[in-house]
Amino acid sequence: MQEKKKLYIKTWGCQMNVYDSHRMADLMVPLGYEQVDAPDDADMIVLNTCHIREKATDKVFSELGRLREHKDRKEDKGDKCLMVLTGCVAQAKGKIITDRAPYVDIVLGSQSYYKLPEIVAAHTKKRIINTDFPTISKFDFLPEEHQGQGVSAFLAIQEGCDRFCSYCVVPYTRGGEYSRTVVEIMDEAKTLIDSGAQEITLLGQNVNAYHGQGPDGKHWTLAQLFEALAKMEDLKRIRYTTSYPSDVNDDLINAHRDIDKLMPYIHLPVQSGSDSILKAMNRKHTAQEYLQTIEKLRTARPDIAVSGDFIVGFPGETDQDFEDTIEVIKEVQYASAYSFKFSPRPGTPAASMENSVPESIKNERLQTLQAVLRAQQERFNKTMIGKTLPVLLDRKGRIAGQLHGRTPYNQAMHIQTDEENYGKIIYVMINDAHLNSLQGII
Ligand code: 5AD
Ligand code: SF4
């Protein structure tokens, strides 16, 4: 039997990128490639990049520099090592990168990675750059999932975004909003479940704008999709991310009340608590509307864990604007959150806005905000002490005899248990809680 070729993929950024990396690995299986965990002796190295925040391009350059040694070593032995750049930096900066790093062999945008096998097969010495936005969906070309993603799997149901928040590159790098059909999604879910998935996280940049075609020819909502997925017996848990506040409709809220398999967790970024900043960000909601949405969700599902994203130091952000953000945070009481300093992304409207906030103030605000969020997260975790929660054991732990699992609220924990319990939902009595994990006994 011919020896398998080694494919090393380094992934940055969001879960959508993690998903894309899986699919690329799947695409390369028919060409004899097998994904490996380290770049040593790789026949192909893929850098799947993220452009969402600052220094993305710099990070790619330094990683390219490091990985180049592996390519050189391999080629010194007379073997080939293809260096491939994909993802959002490739989409936005492909040409600049190959000018500075001519040893990159292939540059593929986020919409054209489905062409990877044909491009690799056809690759000679000439560099290939393909960052088009094709008119047909890349999903039509993807093979069925080969590699299986284990107990907890991702499934992209929607991609791109039409919201054009003034700071964000996604509408430019990922293109306009596109929803896959229900049939395609159900087929992929079935393949994932057949290969062991018990939990599926539906992915989309603006996932609750989902409006894919249903088998009845009509556009289905995200909630309708949840209902269909919940009927799949071997699927135990459904999650989804990331949602946009004004696209949270009553259907979605009621789904949290009615569908047991839908986990009580929502990632609902607000970005800022100041209406004038939200307006400058081109967000289509006010702070009040956001808070009302959270209230409705909590009425439907009182224990729902809320998570969010925040940007501090957006151009023109005053002390009062920042205070307004802290107020919203205090009102919501987040279970978890991500927060960032504003970073101007070339080509976005916010990049050329005046009144930029000095770096020192950005740093100060970020620290203040993160301290509040950390305290909330720890507090939320501590409310679990004394409860018995169902934990899905989805990974091996760091040490032998330990498995990693997640509660319905997406809290992580390590449990001393038989490896045979991998893939099972077990009931755990929580006896301690920290910032990033819980502890408990079976
Ligand atoms: N600067 C800082 N943070 C950003 N995000 C997106 N674009 C920027 C930017 N230019 C953050 C937002 C978004 C998350 C994925 O990244 O909070 O929700
Ligand atoms: Fe970017 Fe999200 Fe705004 Fe879309 S809704 S432009 S992905 S921040």
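The structure presented is a predicted model; accordingly, all values stated were derived computationally and were not measured. (Residues numbered from 1 in each chain as written. Chains lettered and ligands numbered in written order. Predicted model: local features only at pLDDT ≥ 70, side-chain atom pairs only at ≥ 80, totals over all residues. Heavy atoms only, no water.)

Caption draft 1: The arrangement of the pattern of salt bridges in detail. All told, the structure shown has 27 salt bridges when counted by the stated rule. A salt bridge links E199 to R237; the shortest N-O distance between them is 3.9 Å. Here the residue E199 occupies a position in strand β10 (residues 199–203), and R237 occupies one in strand β11 (residues 237–241), the gap between them amounting to 38 residues. For the pair formed by E199 and R237, the shared burial category is buried. Overlapping salt bridges, with partners in common, bring together K6, D41, D43, K74 and K77 in one network. (Salt bridge = Lys/Arg side-chain N within 4 Å of Asp/Glu carboxyl O. Helix = DSSP H or I, 4+ residues; strand = E, 2+ residues; numbered from the N terminus. Buried < 20%, exposed > 50% of the residue type's maximum accessible area, 1.4 Å probe, protein only.)

Caption draft 2: Quick peek at unusual backbone geometry. Of note, the bond from T241 into T242 is cis; its omega dihedral lies within 30 degrees of zero at 5°. Note on placement: T242 falls in the loop between β11 and α8 (250–258). Despite not being glycine, Q271 shows a phi value in the positive range, around 75°. Within the fold, Q271 resides in the loop between β12 (265–267) and α9 (275–280). Here the phi dihedral of N282 falls at roughly 60°; this positive angle occurs in a residue that is not glycine. Among the structural elements, N282 can be located in the loop between α9 and α10 (287–300).

Caption draft 3: Broad picture of the packing of aromatic side chains. Inspection of every chain in the model, using the stated rule, returns 6 aromatic pairs. Their ring planes at 85° and their centres at 6.4 Å tell us that Y167 and F314 sit as a pair that is edge-to-face. Of this pair, Y167 sits in the loop between β8 (158–159) and α5 (170–173) while F314 is found in the loop between β13 (305–312) and α11 (319–332), placing the two residues 147 residues apart along the sequence. In this structure Y167 comes out as buried when scored by relative accessible area, which is 11%. Where F380 meets Y409, the ring centres are 6.0 Å apart and the plane angle is 80°; that geometry is what we call edge-to-face. Of this pair, F380 sits in helix α12 (residues 359–382) while Y409 sits in the loop between β16 (402–406) and β17 (412–416); the two residues are 29 residues apart in sequence, bridging distant segments of the chain. Taking the ring centre of W12 as reference, the NZ or CZ of K10 above it sits at 5.2 Å. A cation sits over an aromatic face here: R100 above F61, 3.6 Å from the ring centre. (Phe/Tyr/Trp six-rings, centres within 6.5 Å; stacked < 30°, edge-to-face > 60°. Lys NZ or Arg CZ within 6 Å of the ring centre and 35° of its normal.)

Caption draft 4: Quick look at α12. Here α12 contains 24 residues, and its C-alpha end-to-end distance of 34 Å stays within 8% of the 34 Å for a straight helix at 1.5 Å per residue. Those residues of α12 that sit buried are K362, R365, L366, L369, L373, Q376, Q377, F380 and N381. Packing partners of the buried residues in α12 comprise β13, α11, β14 (336–341), β18 (425–433) and β19 (438–441). (Expected span 1.5 Å × (residues − 1). Contact = heavy atoms within 4.5 Å.)

Caption draft 5: Quick peek at the site of ligand 1. In the vicinity of ligand 1, the residues found are I52, R53, Y167, Q271, D309, I311, F340, K341, F342, S343 and R345. The contact in question runs from a nitrogen atom of ligand 1 to an N or O atom on the backbone of Y167, over 3.0 Å. Q271 places a polar side-chain atom, nitrogen or oxygen, 2.7 Å from an oxygen atom of ligand 1. Relative to its free-state accessible area of 400 Å², ligand 1 is covered by the protein chains to the extent of 87%. Put simply, the parts of the chain that give the shell around ligand 1 at least two residues each are β13 and β14. (Near = heavy atom within 4 Å. Polar contact = N/O pair within 3.5 Å; in protein donor to acceptor, adjacent residues only side chain to side chain. Areas by Shrake-Rupley, 256 points an atom, 1.4 Å probe, with all protein chains shown as cover.)

Caption draft 6: Geometry of the sheet that holds β11. Spatial strand order, β7-β10-β11: 3 strands in an open sheet with parallel pairing. The outermost strands of the open sheet, each flanked by one partner alone, are β7 (152–156) and β11. Going from strand to strand, the sheet's axes swing by 25° on average, the running direction of each strand aside. Relative to β10, β7 is paired through 5 bridges, and the arrangement is parallel. Bridge pairing in β10 links L155 to L202. Sitting on the sheet, helix α1 (residues 15–28) is in contact with β7, β10 and β11, with an inclination near 95° to β7. (Pairing = 2+ DSSP bridges. Axes fitted to C-alpha atoms, helices over the stretch in contact; angles between N-to-C directions.)

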